[in-house]
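If you want the building blocks of each chain, they are given just below.
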Amino acid sequence: MAMSTGGGGSSEKPMSDINTTPLVDVMLVLLISFLIAVPVAIQTVKGIVLPKVRFDPTTTKPENVLLSVTSGPDGNCLVYWGTSPITSKDLLTRAVDKLKLEIERQGGAGNPNLELPEVHIRGDVNTPYKCIGGTIYTMQQAGFAKVGFISQPPPAGG
């Protein structure tokens, strides 16, 4: 019997090229799976435009309420009306009284041009949110509709 070994000469070398077909197949499968997975992972609502951060100077009116919120060394919440410390119960009472007084000063609740005062809160960076959130809730309970935060303006030129 005769057997063929695939050629007869010693001039042929064994094939040493790497077969890249499986590599290309795997890369195409990964590319397609990432093209499908990325839009699913990044979920956004179309048409939403996020606000640009900018500094608007605060116009302080005398009827506005300025509150400062921080936490004490023992972790309890400290609220200041102007520069006077106040408890949360007194905060609600004082806020209701302030709002009633301002409404009466402007001619009563029937006045179509009634401008309610705003609340401006200065919250310390290290204050737990429960302190600031509780202050917001108390002022909303009192009837204040506009609550704003005072922040540190960005450095000049930045």
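Okay, so let's go over this structure. (Residues numbered from 1 in each chain as written. Predicted model: local features only at pLDDT ≥ 70, side-chain atom pairs only at ≥ 80, totals over all residues. Heavy atoms only, no water.)

## With respect to the overall build of the protein chain
Then, number 1: Within the protein chain, the regular secondary structure consists of three helices and five strands.
Then, number 2: Listed N to C, the secondary structure of the protein chain is α-β-β-β-α-β-α-β in terms of helices and strands.
Then, number 3: Within the protein chain, the proportion of its 158 residues that are buried is 19%.
Then, number 4: Considering only intrachain contacts with a sequence separation of at least 6, the fraction spanning at least 24 residues in the protein chain is 61%.
Then, number 5: A total of about 12800 Å² of accessible surface is found on the protein chain, and carbon and sulfur atoms cover 61% of it. (Helix = DSSP H or I, 4+ residues; strand = E, 2+ residues; numbered from the N terminus. Buried < 20%, exposed > 50% of the residue type's maximum accessible area, 1.4 Å probe, protein only. Contact = heavy atoms within 4.5 Å. Areas by Shrake-Rupley, 256 points an atom, 1.4 Å probe, with all protein chains shown as cover.)

## Focus: the sheet that holds strand β5 (residues 147–149)
Note: strands within a sheet are paired through backbone hydrogen bonds, in either parallel or antiparallel orientation.
Then, number 1: Sheet architecture is open: five strands sit in the order β3-β2-β1-β4-β5, paired in mixed fashion. Two strands in the sheet have a free side with no partner beyond their single neighbour: β3 (84–86) and β5. On average, adjacent strands in this sheet sit at an angle of 30° to one another, irrespective of strand direction.
Then, number 2: Of the strand pairs in this sheet, strand β4 (residues 119–123) and β5 are connected by three bridges, and their pairing is parallel. Across the sheet, residue His-120 finds its bridge partner in β5, namely Gly-148.
Then, number 3: Here helix α2 (residues 88–105) sits on the sheet and contacts β1 (65–71), β2 (77–81) and β3; the angle it forms with β2, its principal contact strand, is near 25°. (Pairing = 2+ DSSP bridges. Axes fitted to C-alpha atoms, helices over the stretch in contact; angles between N-to-C directions.)

## Considerations on the pairing of β1
Then, number 1: Bridge count between β1 and β4: five bridges; the pairing is parallel. The residue of β4 that forms the bridge with Val-65 is Val-119.
Then, number 2: Pairing geometry for β1 and β2, over five bridges, is antiparallel. Bridge pairing links Val-69 to Val-79 in β2.

## Remarks on the state of the cysteines
Then, number 1: Applying the stated criterion across every chain, the model contains one disulfide.
Then, number 2: Bridging Cys-77 to Cys-131, the disulfide has an S-S length of 2.0 Å. An S-S torsion of about -75° defines the bridge between Cys-77 and Cys-131 as left-handed. Of this pair, Cys-77 sits in strand β2 while Cys-131 sits in helix α3 (residues 129–142), and the two are 54 residues apart along the sequence. (Disulfide = S-S within 2.5 Å.)

## Things to note about the nonpolar core
In globular proteins that are soluble, nonpolar side chains generally tend to be buried together.
Then, number 1: Ranked by size, the top nonpolar core spans 17 residues in total, and within it Val-65, Leu-67, Trp-81, Leu-91, Val-119, Met-139 and Phe-144 carry the most contacts.
Then, number 2: Every element with two or more residues in this core is listed here: β1, β2, α2, β4 and α3. (Core = buried A, V, L, I, M, F, W, Y, C linked by side-chain atoms within 4.5 Å.)

## A closer look at the environment of Ile-103
Then, number 1: Checked against the element boundaries, Ile-103 lands in helix α2.
Then, number 2: In the structure, Ile-103 is positioned eleven residues away from Leu-114 in sequence and 7.4 Å away in space, judged by C-alpha atoms.

## Some details on the pairing of β2
Then, number 1: From the end of β1 to the start of β2, which pair antiparallel, there are five residues, and Gly-75 there has a positive phi angle of about 95°.
Then, number 2: As paired elements, β2 and β3 share three bridges and run antiparallel to each other. By the bridge assignment for β3, Val-79 is matched with Ile-86.
Then, number 3: The hairpin formed by β2 and β3 contains two residues between the paired strands, and Gly-82 there has a positive phi angle of roughly 70°.

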